[in-house]
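A look at the structure
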Amino acid sequence: MDTVLFLTILVVVFALLFDFINGFHDTANAIATAVSTRALPPRVAVLMAATMNFIGAITFTGVAKALAKDIVDPFAIDNGVIIILAALLSAIIWNLVTWYYGIPSSSSHALIGSLAGAAIAAAGFAVLNYEGFIKIIKALIYSPFIAIVAGFIMMSIFKVLFKDLNLYRTNKGFRRLQIFTAAVQSFTHGTNDAQKSMGIITMALIAAGLQTGDDIPMWVRIAAATAMGLGTSIGGYKIIKTVGGKIMKIRPVNGAAADLASAAVIFGATQLHLPVSTTHVISSSIMGVGSAQRVKGVKWGVAKKIVLTWIITLPTSAIMGAAIFFVLNLFN
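Here's what I pulled together on the structure shown here. (Residues numbered from 1 in each chain as written. Predicted model: local features only at pLDDT ≥ 70, side-chain atom pairs only at ≥ 80, totals over all residues. Heavy atoms only, no water.)

Because an α-helix packs 3.6 residues into every turn, residues spaced three or four apart end up facing the same way. Look at helix H11 (residues 252–271): 28 Å from first C-alpha to last across 20 residues, which is about the 28 Å you get at 1.5 Å a residue. In terms of residue burial, H11 counts as a mostly covered element, since 15 of its 20 residues are buried. Positive phi shows up at His-273, right after H11, with a value of about 60°. (Helix = DSSP H or I, 4+ residues; strand = E, 2+ residues; numbered from the N terminus. Expected span 1.5 Å × (residues − 1). Buried < 20%, exposed > 50% of the residue type's maximum accessible area, 1.4 Å probe, protein only.)

A few words now on the side chain of Asn-192. Checked against the element boundaries, Asn-192 lands in helix H7 (residues 167–192). A distance of 3.4 Å separates polar atoms of two side chains, one belonging to Asn-192 and the other to Lys-196. If near-sequence neighbours (up to four positions away) are discounted, Asn-192 is found in contact with Val-63, Ile-266, Ala-269, Thr-270, Leu-274, Pro-275 and Val-276. (Polar contact = N/O pair within 3.5 Å; in protein donor to acceptor, adjacent residues only side chain to side chain. Contact = heavy atoms within 4.5 Å.)

The full count for this structure, using the stated rule, is three salt bridges. One salt bridge in this structure joins Asp-215 and Lys-65, with 3.4 Å as the shortest N-O distance. Of this pair, Asp-215 sits in the loop between helix H8 (194–207) and helix H9 (218–234) while Lys-65 is found in helix H3 (residues 62–70), placing the two residues 150 residues apart along the sequence. Asp-215 sits in the exposed class, given a relative accessible area of 51%. (Salt bridge = Lys/Arg side-chain N within 4 Å of Asp/Glu carboxyl O.)

Looking now at the packing of H8 against H9. Interaxial distance between H8 and H9 falls to 9 Å at its minimum, and their mutual angle equals 140°. Considering the angle they form, H8 stands oblique to H9. Crossing geometry of H8 relative to H9 is assigned as right-handed. Each of Ala-194, Met-198, Ile-201 and Leu-205 in H8 lies in contact with H9, whose residues at this interface are Trp-219, Val-220, Arg-221, Ala-224 and Met-228. Classifying every residue of the contact of H8 with H9 gives eight nonpolar, no polar and one charged. (Axes fitted to C-alpha atoms, helices over the stretch in contact; angles between N-to-C directions. Parallel < 35°, antiparallel > 145°, perpendicular 65-115°, else oblique. Left-handed = near helix turned anticlockwise from the far one by under 90°. Nonpolar A, V, L, I, M, F, W, Y, C, P; charged D, E, K, R; others polar.)

Below is the structure:
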């Protein structure tokens, strides 16, 4: 078998593995609030999230196309398939480490940082498409702050609208609403996160000379959506514990507000063809909701730990991506 073809097949396999891991690592965030408020049993929530993730993943392709060309130009790089394989291995390792410790880190940061690091190791800093790369980094940085504001506003609106209602009845009603908001949250997660692997596979196909345009083949869309759906069906209960309870004590009204705020931010980014970290957005919207209720009610120590993980993910994954590229290149 041709070496390039063999490496391309490896990229496809590891990209789908990344999506599978992403399913149980990141998608737990989408249902964490619904599980923590007992709006849905964990098993039912996970199965619903898997279904909505799949539907969201096959519906849109804009983020995938952006990722396939905005960080590095796949037509202009040598050893392109090895670069992509190194990036995937690096992102998978980081995801598994943070999943093991129950830290809601960003799969998006891990993948983008790893891809940039491997590309720089292969061809220097000039290989980066700085306009596209900076646009993606801005989206990753700004989106959590937008989510905090959105969560604060959403919770403030709820406080005004439902201030005169009986607390028990309000909680009961919002538990029902959370079934809907968790479904929407899972759908928007699929519209953004699953597309990252689609873009990576498409980039590998272009780099290997197996495809000339940046259109996402239907088999790639279905395969990535299926891998993420299967990963989601296994569930990420460690992440659920952190997002759903350790940031703040969540009641149904808080969970619904956080779900709606973060879903709006994620779907807005999808419409703009920008990859964002669903982990960042969901965790930040919970912080915003908590701040609208009572600033001291947010467990800022846990929040600081999460933010620190966000900050170190990009440089750490970039270094890992570069190191893995050098190792793989030795055998090329």
